[in-house]
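Here's the letter readout for the chains.
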Amino acid sequence: METETKELVSWMRGHDSSVSSISVHGSGRYAITTSPDTAQLWDLDTFQRKRKLNVRQSVDIQKVFFLPLSNTILSCFKDNSVFAWEFDTLHCKYQLPTPVEGSALLYKVFAVTRDGRIFVAGGKSNHLHLWCLESKQLLRIIQMPTKVRAVRHLEFLPDSFDGGSNQVLGVLSQDNIMRFINIETCKLLFDIGSHEEGISTATISPSGRYIASVMENGSLNLYSVQALTQEVNKPPPPLFKVVEDWSKWKLGANKHTMRVTSGRSERPWKSRGSKIQTRLLKPQVNGSLENKENELPGGLNKKRLQALLKGFGEYPAKYRMFVWRSLLQLPENHLAFSSLIDKGTHSAFVHIQNEYPIKSRKLLRVLQRTLSALAHWSAIFGETPYIPLLAFPFVKLFQNNQLICFEVVATVVVNFCQRWFEYFPNPPVNVLSMVENILAHHDKELLQHLIKYNVTSQVYAWPLLETLFSEVLTREEWLKVFDNVFSNHPSYFLMIVVAYAVCSRAPLLHCIQTEDFEYFFHHRNNLDINVVIKEAYRLMESTPVDIHPQRMLDDFIPLTKGQYPVFNKYPKFIVDYQTQERERIRQDEIAYLRERQLAHELEAKAQEWKTEDEAWYRKQELLQEAEEQRRKMLLEEEEKLAEQRQRLAAMKRELKAKELQLLESARQRFLKYQQDQRQMEIKRLDEEIARKASIREQETAATAQDVEIRQMELESQRQLFEQVAEENLAKAEQKCVDTDWRMQALNKLRCDDQDREEHYKEIAKLLHDNRVKEAELLRALREAEEKKWEEVTRKKAQLEAEQKAAAAADEHRKQFLEDEMNDALQLAEKLQKEDGYFERLHDLKAGRTERGLEFQQVPKSRNVCLNDVSVSQSSSHVSLDRRREELACKEQELMAEVRQLRQKLTSRARARHFPTRFPATKWTP
């Protein structure tokens, strides 16, 4: 969200749960947001997510944050595990060991010193764990007073003299009182808040001078640390310093617990069996002041950095911003910078977008704000035309941290742009003369060539200086150059300019036109920047003292802390005159614009009155014309209305006639449709009757053929039985000789008859079951026939005549079916009665002497029976042929089933009259 315009810059989505903490990297480019289930790393330049930290579902995240002055990320989980991650690769660097039993507590809140060496954790206990992140060991356990049961917030109190190794820790507990203790002596220095007026949340200013707290009653309290205690900001002793011997503290062996006390004693309370090992380091007597000057904030040494730079040619990219801030010794004056920002946009940069159309709105706003702060700091920067070119590379590099951006630009202007504004508004002739003297000493040929074609230092040196090489170098080359510029004396910057010209002497010697020289020093060229940097170091060492810029330029002086220094090294009267002239021109322009606006308003007012008058007269004329036109239109409309009424009456008559015609045609079409339907139904009935007749003829012919075949079979069987009877009669006469044998045969026959009788009983049982099944089949057929005829009756219910015919046909069919079933049942009963006859016939064949005579009579009686059966069958077929003509559409299936039943009964009767096997008898001579 943009604070000035209240516009939404970006919306970073990605968390499923609420965000509990946000940590921003020291460069201001990256940020980490933490929620209970994940932590996400964001790029604040593009507002895109770079990486995501996923954890197991059973372990939630407490907090993930950047360690100050380093590229290390610390992640703390709810199971008290603490991991350190490398920012660039996001590989795990180390994990803090688990505290020993009895000293474990659930970590909830955390704090880190400004130098990133000491890590403090607290939670639902009155103990605080103090960790050393360098040795990865638990230094000590601090026991708070018994009134403290849980810790809600931890924050170190910054100090101007401790070099980032903060010693005072603010502890906000559950009783809403914030206590400030010294982590070395474990002394309670002071506390804020009370039980009656408790503190809800609190924060400390970056300078450590003020404490802001939100009270439980909703009020906001601001405390002065200097008024609360006099011991917080006092400098360290000048002669010696107490340093803890970290290497001899082993985890679980020599850890000690220190209790917070409120007394004056500097000796902390010790637990049993533990010792504090200290070592007194006295300063070396022969120590030089040079080492002290080389010491930089953040624990860096300038000499070591220069050695590293000469070895690798540049600083590591991930530590570059940190190194620059240390080299430039930025004071980070938040209040002073805020006062400059609060003055708003400077009048000289209100319309900067017209002169510098930058595509990124964010970058344009940061540039405008930085330039306005510079102009409010010193009036010369509001009049300098090249200040946007000078500040733009740093604005682009530090766009996410405007305070650092402003202080870097201000430091560059104060130190590396010395004597630039003495000849304002002209270019710095004195500085350009230094560059020309150095070039004349080291490369006279190149200088003579430039003089020959009237190419002055304002052409080959000033474009490089006013843009800080941003036009001729890439981003990586520019960063490498300024790694070396910030690490050396301000005169090295001028040596870079001369080295760039010397290393480009080959193409420059071939240039003869002024436009070619101007183009060369305003565009990128094929030049190895490492060679340029080495050449600058050579020039730095080989330039004589009388022409060396170091003699005329001051040493590096950082910005003062608290307030920025006064910058008045420029011709004030010229700047004031230009400011007054610009203000006078602005006032004249405002007056002219006001008069022109007034004239435009008067002219517009007169033109408006004139236009209104003309419009009124024109409106009156139009009204009169409209009135005449309306009268004519009324007359025309009345005539048209009369004509339309006549046409409407004629159309009504035509529509009535058409309606009658349509009704008549619809009635005729409906009658024709009904007639066609009747004809189609009659045609279908005729086709069905013809189909039934053809089927009936086919079945009649087939039945006649079957009867003829059965008659032929019966005749052949009758002749066979007559022949057999004669042979048996002849043989029977011979059997009378041996009566004894007949008795044996009779006994044997009786045994066989008994077996046969049992077999006949089984056959009778099977016949009874078959009759039951046949009765069920007939009943099912009758029910199916009734259902089918009911369906036919429903379909033909629309025509009364057809319903009567259907009802008569239905009654006729039912009577016919009953007759057929009665005939079938009678035939079955007759066949059952005839079973006894066949049994007696077999007895006569086996046991009596009169057997031959009876065998002579059997064929005749059987012939008569068969003739009766065939006659009955022929008569039933005749009656069936007469009645089939009256059957309806669904009669075919039922008749087929009846025919199958009759065929089964006939076949059974035939089987009973003509058994396939004869009695087991034995004939003897």
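Above this text sits the structure in question.
None of these values were measured; they are calculated from a predicted model. Residue numbers run consecutively from 1 along every chain, following the written order of its sequence. Per-residue local features are limited, in this predicted model, to residues with pLDDT of at least 70; the limit for side-chain atom pairs, both in listing and counting, is 80 or more; totals at the level of whole chains, interfaces and linings are taken over all residues. Values shown for side chains rest on all heavy atoms present in the structure; no hydrogens or waters enter the calculation.

On to the overall build of the chain, then. Tallying secondary structure elements over the chain gives 25 helices and 24 strands in all. Counting the 925 residues in the chain, one finds 39% classified as buried. Only heavy atoms enter the contact rule, under which two residues are in contact if any of them lie within 4.5 Å. Long-range contacts, defined here as pairs at least 24 residues apart, represent 61% of the contacts in the chain between residues at least 6 apart. To measure how exposed things are, a 1.4 Å probe is used in the Shrake-Rupley method; for residues, cover is taken only from the protein chains shown. Roughly 55900 Å² of accessible area belongs to the chain as shown, and the carbon and sulfur atoms make up 53% of that amount. Note on conventions: DSSP H or I runs of at least 4 residues are helices, E runs of at least 2 residues are strands, and numbering of each starts at the N terminus. Each residue's exposure class comes from its accessible area (1.4 Å probe, protein chains only) as a fraction of the maximum for that residue type: buried when under 20%, exposed when over 50%, partly exposed otherwise.

Across the six residues of strand β3 (residues 38-43), six count as buried, placing the element largely inside the fold. Here β3 shows two buried faces, one formed by T38, Q40 and W42 and the other by A39, L41 and D43. For two strands to pair, DSSP has to find at least two bridges joining them. When strand β2 (residues 30-34) meets β3, the two strands line up antiparallel, connected through five bridges. From the neighbouring strand, Y30 faces β3, where its bridge partner is D43. What sits between the antiparallel neighbours β2 and β3 is a turn of three residues. One ladder, built from six bridges, connects β3 with strand β4 (residues 48-54); its direction is antiparallel. Its bridge partner being in β4, Q40 is matched across the sheet by K52. Counting the residues between successive antiparallel strands, the hairpin from β3 to β4 contains four residues, one of them, F47, with a positive phi of roughly 55°.

Side chains of residues three or four places apart in an α-helix project in the same direction, reflecting 3.6 residues per turn. Buried residues of helix α12 (residues 444-452): L446, L447, H449 and L450, and no others. Buried residues along α12 cover an arc of 160° about the axis, so they all sit on one side. In α12, the exposed residues that point more than 90 degrees away from the buried face are K444, Q448 and K452. Of the surrounding elements, those touching the buried residues of α12 are α11 (429-442), α13 (457-460), α16 (491-503), α17 (505-509) and α18 (514-520). Following α12 by one or two positions, N454 adopts a phi angle in the positive range, close to 55°. Arc definition: directions from the helix axis to the C-beta atoms.

Note on aromatic contacts: the rings of Phe and Tyr and the six-membered ring of Trp form a pair at centre separations within 6.5 Å, being stacked when their planes are under 30 degrees apart, edge-to-face when over 60 apart, and tilted otherwise. Enumeration according to the criterion identifies 37 aromatic pairs in this entry. Between Y30 and F87, the ring centres sit 4.9 Å apart and the planes meet at 65°, which makes this aromatic pair edge-to-face. Here Y30, found in strand β2, pairs with F87, found in the loop between β7 (82-86) and β8 (92-95); they are 57 residues apart in sequence, far enough to count as distant. Residue Y30 shares its accessibility class with F87, and that shared class is buried.

Another aspect to go through is unusual backbone geometry. The phi angle at E332 is positive, at roughly 55°, despite the residue not being glycine. Along the chain, E332 falls in the loop between α4 (320-328) and α5 (334-342). Here L468, not a glycine, exhibits a phi torsion of approximately 55°, which is positive. Here L468 shows up in the loop between α14 (462-466) and α15 (475-486).

This part is about the sheet that holds strand β1 (residues 21-24). Read from one edge of the open sheet, four strands run β1-β2-β3-β4, paired in antiparallel fashion. Either end of the sheet is taken by a strand with one partner, and the two such strands are β1 and β4. Strand-to-strand, the axes of this sheet are offset by a mean angle of 20°, without reference to chain direction. The angle between two axes is taken between their N-to-C directions and runs from 0 to 180 degrees, where each axis is a line fitted to C-alpha atoms and a helix contributes only its stretch in contact.

Next up on the list: the packing of α15 against helix α19 (residues 529-542). With their axes 10 Å apart at the nearest point, α15 and α19 run at an angle of 15° to one another. Between α15 and α19, the angle falls in the class roughly parallel. Note that α15 runs across α19; the crossing there is right-handed. Counting all contacts with α15, which are made through E477, K480, V481 and N484, the residues of α19 involved are I529, N530, I533 and Y537. Throughout, the term roughly parallel applies to angles under 35 degrees, roughly antiparallel to angles over 145, roughly perpendicular to angles from 65 to 115, and oblique to all others. Note on convention: the crossing is left-handed when the near helix lies turned anticlockwise from the far helix by less than a right angle, right-handed when the turn is clockwise.

Patch construction takes residues with relative accessible area above 30% that form no salt bridge. Like charges are linked within 9 Å, and nonpolar side chains (Val, Leu, Ile, Met, Phe, Trp, Tyr) are linked within 5 Å. Here, a salt bridge means any Lys or Arg side-chain nitrogen found within 4 Å of an Asp or Glu carboxyl oxygen. There is a patch of nonpolar side chains on the surface, built from V19, I22 and V24 and spanning about 280 Å² of accessible area. By the secondary structure assignment, I22 is in strand β1.

Hydrogen bonds between backbone groups are what pair the strands of a sheet, and the pairing can be parallel or antiparallel. Strand order in the open sheet formed by three strands is β17-β18-β19, with antiparallel pairing between adjacent strands. If you trace the sheet from one side to the other, it starts and ends with β17 (199-204) and β19 (220-224), each paired once. Ignoring strand direction, the axes of neighbouring strands in this sheet form an average angle of 20°. Here β17 runs beside strand β18 (residues 210-215); their pairing, made up of five bridges, is antiparallel. Within β18, the position partnered with T203 by the bridge is A212.

Turning to the nonpolar core, a few remarks are in order. Of all hydrophobic cores here, the largest spans 106 residues; its most connected members are W324, F394, W420, F469, W478, F482 and F486. Ranked by the residues each element gives to this core, the list is headed by α16, at eleven residues. W420 has contacts with Y386, L390, P428, V431, W462, L465, E466 and F493, leaving out every residue within four places of it along the chain. As used here, the term nonpolar core means buried Ala, Val, Leu, Ile, Met, Phe, Trp, Tyr and Cys residues forming a set that is joined through side-chain atoms within 4.5 Å. Counting residues in hydrophobic clusters, the runner-up holds 19 residues, among them V109, L130, L154 and L169.

Contact geometry for α11 and α12: axes closest at 5 Å, N-to-C directions at 125°. With respect to α12, the axis of α11 lies oblique. Across from E436, L439, A440 and H442 in α11, the residues of α12 making contact are K444, L446, L447 and L450. Nonpolar residues are Ala, Val, Leu, Ile, Met, Phe, Trp, Tyr, Cys and Pro. Charged residues are Asp, Glu, Lys and Arg, and all others, Gly as well, are polar. Class assignment for the residues of the contact of α11 with α12 results in five nonpolar, one polar and two charged.

All right, on to the side chain of S504 then. Structurally, S504 is set in the loop between α16 and α17. Polar contacts, as used here, are pairs of N or O atoms within 3.5 Å; protein pairs need one atom able to donate a hydrogen and one able to accept it. Residues neighboring in sequence count only if both atoms are side-chain atoms. Here Y500 takes part through its backbone oxygen, which lies 2.8 Å from a polar atom of the side chain of S504.

No statement about biological role is implied by the geometric values presented.
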